[in-house]
Each structure stands twice: as structure tokens, then as C-alpha cells.
Amino acid sequence: MENYKLSISSAIGTGWEYAKKHGLMIAVILLIVYVATNALSGLFGTNIEMSEAQRIGERMGRGDMEALKDFANLYSSTGSTIASLITALVEIVLYVGLYNLALGLIRGTYTTVTFDAFKLPLMTYVKYLVVEILVGFISGVATLLCIIPAFFVVPRIVLAPIYIIENPEAGVFEAITASWNMTKGNTLAMIGLWFAFVGILIVGFLCCCIGAVFAEVIILFATVAAYYQLRGDRV
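I will try to describe carefully the structure that is included in this document.

1. Re the overall build of the protein chain
Then step 1. When you go through the protein chain residue by residue, the secondary structure sums to 9 helices and 0 strands.
Then step 2. Counting from the amino terminus, helix and strand elements in the protein chain follow one another as α-α-α-α-α-α-α-α-α.
Then step 3. Scored against the burial criterion, the 235 residues of the protein chain give a buried share of 42%.
Then step 4. Excluding contacts between residues fewer than 6 apart, the proportion of contacts in the protein chain whose partners are at least 24 apart in sequence is 74%.

2. Things to note about the packing of helix α4 (residues 122-145) against helix α7 (residues 172-182)
Then step 1. As a packed pair, α4 and α7 sit with axes 9 Å apart at the nearest point and diverge in direction by 55°. Comparing the axis directions of α4 and α7 gives the class oblique. In the packing of α4 onto α7, the handedness of the crossing is right-handed. Contacts between α4 and α7 involve Lys-127, Val-130, Val-131, Leu-134 and Ile-138 on the former and, on the latter, Val-172, Phe-173, Ala-175 and Ile-176.

3. Things to note about the packing of aromatic side chains
Then step 1. This structure, assessed with the given rule, holds 5 aromatic pairs.
Then step 2. For the pair Trp-16 and Phe-214, a centre-to-centre distance of 6.2 Å together with 85° between the ring planes defines the contact as edge-to-face. You can see Trp-16 sitting in helix α1 (residues 8-61) and its partner Phe-214 sitting in helix α9 (residues 208-231), a full 198 residues away along the chain.
Then step 3. With a relative accessible area of 40%, Trp-16 lands in the partly exposed category.
Then step 4. Pairing Phe-115 with Phe-118 gives two aromatic rings, centres 5.9 Å apart and planes at 35°, and the pair type is tilted.
Then step 5. Lying over the aromatic face of Tyr-18, Lys-21 brings its terminal NZ or CZ to 5.1 Å of the ring centre.
Then step 6. Stacked on the ring of Trp-180, the Lys or Arg Arg-156 has its end atom at 3.9 Å from the ring centre.

4. Remarks on the environment of Val-135
Then step 1. Following the sequence through the fold, Val-135 ends up in helix α4.
Then step 2. The class of Val-135 is buried, set by a relative accessible area of 8%.
Then step 3. Taking the C-alpha atoms as reference points, Val-135 and Ile-176, 41 residues apart in sequence, are found 7.7 Å from one another.
Then step 4. Not counting chain neighbours up to four residues away, the residues in contact with Val-135 comprise Ile-157, Ala-160 and Pro-161.

5. Overview of the pattern of salt bridges
Pairs can form between side chains of opposite charge once their charged atoms are near each other.
Then step 1. Taken as a whole, this structure holds 4 salt bridges when the rule is applied.
Then step 2. Two residues, Arg-107 and Glu-166, come together in a salt bridge whose shortest N-O distance is 3.4 Å. Placement of the pair is Arg-107 in helix α3 (residues 78-107) and Glu-166 in helix α6 (residues 160-166), with a sequence separation of 59 residues.
Then step 3. For Asp-116, the salt bridge is made with Lys-119, and the minimal N-O distance between the two is 3.0 Å.
Then step 4. The partly exposed category is assigned to Asp-116, whose relative accessible area is 39%.
Then step 5. A single salt-bridge network, built from bridges that share partners, covers Arg-107, Glu-166 and Arg-231.

6. Here we look at α7
Then step 1. Three or more residues of α7 are buried, namely Val-172, Ala-175, Ile-176, Ala-178, Ser-179 and Met-182. Projected onto a plane normal to the axis of α7, the buried residues spread over an arc of 160° and lie on a single side.

7. So, the nonpolar core
Then step 1. The biggest cluster of nonpolar side chains holds 59 residues, and the ones touching the most others in it are Leu-6, Leu-98, Phe-221 and Tyr-227.
Then step 2. Broken down by secondary-structure element, the contributors of at least two residues to this core are α1, α3, α4, α6, α7, α8 (187-206) and α9.
Then step 3. When residues in this core are grouped by element, the largest group, 14 residues, is from α9.

8. What about a nonpolar patch on the surface?
Then step 1. A cluster of nonpolar side chains, Phe-151, Phe-152, Leu-188, Trp-194 and Phe-195, forms an exposed patch at the surface whose accessible area comes to about 550 Å².
Then step 2. Sort the elements by how many residues they give to the nonpolar patch and α8 lands first, with 3 residues.
Then step 3. Within the fold, Phe-151 resides in helix α5 (residues 147-157).
Then step 4. Look at Phe-151 and you get partly exposed, because its relative accessible area is 34%.

9. Structural notes on the environment of Gly-15
Then step 1. Residue placement: Gly-15 occurs in helix α1.
Then step 2. Note: C-alpha distance between Gly-15 and Leu-220 (205 residues apart in sequence) is 7.2 Å.
Then step 3. Excluding residues within four positions of it along the chain, Gly-15 makes contact with Ile-218, Phe-221 and Ala-222.

Parameters and conventions
Residues numbered from 1 in each chain as written. Predicted model: local features only at pLDDT ≥ 70, side-chain atom pairs only at ≥ 80, totals over all residues. Heavy atoms only, no water. Helix = DSSP H or I, 4+ residues; strand = E, 2+ residues; numbered from the N terminus. Buried < 20%, exposed > 50% of the residue type's maximum accessible area, 1.4 Å probe, protein only. Contact = heavy atoms within 4.5 Å. Axes fitted to C-alpha atoms, helices over the stretch in contact; angles between N-to-C directions. Parallel < 35°, antiparallel > 145°, perpendicular 65-115°, else oblique. Left-handed = near helix turned anticlockwise from the far one by under 90°. Phe/Tyr/Trp six-rings, centres within 6.5 Å; stacked < 30°, edge-to-face > 60°. Lys NZ or Arg CZ within 6 Å of the ring centre and 35° of its normal. Salt bridge = Lys/Arg side-chain N within 4 Å of Asp/Glu carboxyl O. Arc of directions from axis to C-beta. Core = buried A, V, L, I, M, F, W, Y, C linked by side-chain atoms within 4.5 Å. Patch = residues over 30% accessible without salt bridge, like charges linked within 9 Å, V, L, I, M, F, W, Y side chains within 5 Å. Areas by Shrake-Rupley, 256 points an atom, 1.4 Å probe, with all protein chains shown as cover.

Shape is all these values report; function is a separate question.
See the structure below:
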């Protein structure tokens, strides 16, 4: 596979341009999903946990040391587990659809924000989840080994989830291998792009709630732009 050089400024510039065109609608979608998942967390988890916390507090006040153990296990309650599962599933659907939308907008398949981007085979969502788990596992192992391997391994495999969305017929390990090959010779550039994303997020947070969400939209498009650059497409 021929290797291409990543231009951080070009990727961020592309992210900014597409965010200006389509970012408001995507930011609204993100905001609605965030509010909805937080509401679900409150519905399934918070009310149950608060009442349980009160009972545990009363037991601790009576000197019941076993209450300390129950307090430590408080957030593994059934309600919290349900809320966490629902939130995870919503986030998987959300990011698969948004990455596919960004891929289509930059490629020209889509001309506007459309929910057609979410109409993907179920297996695509499943493969995306598996790839995310594998990337997280590999990243965790690299981090445990030493910070240096993590810094040079993680940037090489982070594009695997996008690859599997664009190539749903590919295998999960094929996606990770493709990301590894695409980013060859661009490790430092990928690290630099990550630091640039951190800076964008900081600026977004300083601009209050909608600014933080809009920053995520810029990062979404910039990540896809970087993917296309490393794949050899001009964006």
C-alpha cells in the first residue's frame, strides 16, 4: 500500500469548512442525543441510586461497616446497568451514522445532512462495535506496557472504525491492519492532530455548551478528512 502524508492544517481546514456548512444541524442532533441519554440515565439510574444511597447512609450512621461495601457497589445497580447499556447502544448508532454522513458529505455522496446515513446493515454496527472494543483493548495493553508504546500504537489504529464503516464487507482485523498501514510514516502527524483536537475542544468549552458540541463536529469532519488523506484522496 502506498503511503501518503497527513497534513494537519489541511485536515483541520477541511473539518472547519464542512462544519460551517453542515455543523449546526449535526450539533443539534448531538445535543438532543446527549440530553436524551442523560435523561435516560436519570430515569433508570439516579432515582433508584439516591434512595439506596440514603439507606446506606443511615446504615453507616448506625455503625454498620458492611454498608461501606454496599456503597462501593452502588453504581453497579440494575438501573445504572440498564442506563449504561442504552447509552452505549445509542452512542454506537450515533457515531456510526455521523461518521458515515461525514464520509458521504466529503466524498459527495450526500449534499446535505440526511438520516439516510444511518440506514446501514445491522452487521456494520456490530463490526464497528467489535472494532472499537479491539482498538480499546490494544490501546489499553499498549498503555500498560509503557506510555511510549501507547503513543506510537494508538495513533496507528484509531482509523480502523472509520475504515469498517466505509468498507462494511471487510473483517475487523482487516480494518485494524488497514489503519496500521495507512498511518505508516504518519505517527507523529497523528499525535499532532490529536493535540490539535484537544485545543479545539478547549476552545469549544470556553465558548459554552453549543461551542463544545460544535467543536466535536469540527473534529468529526477533520478525522474523516485525515482518513481520506491517508487513503490517498484529495480533500
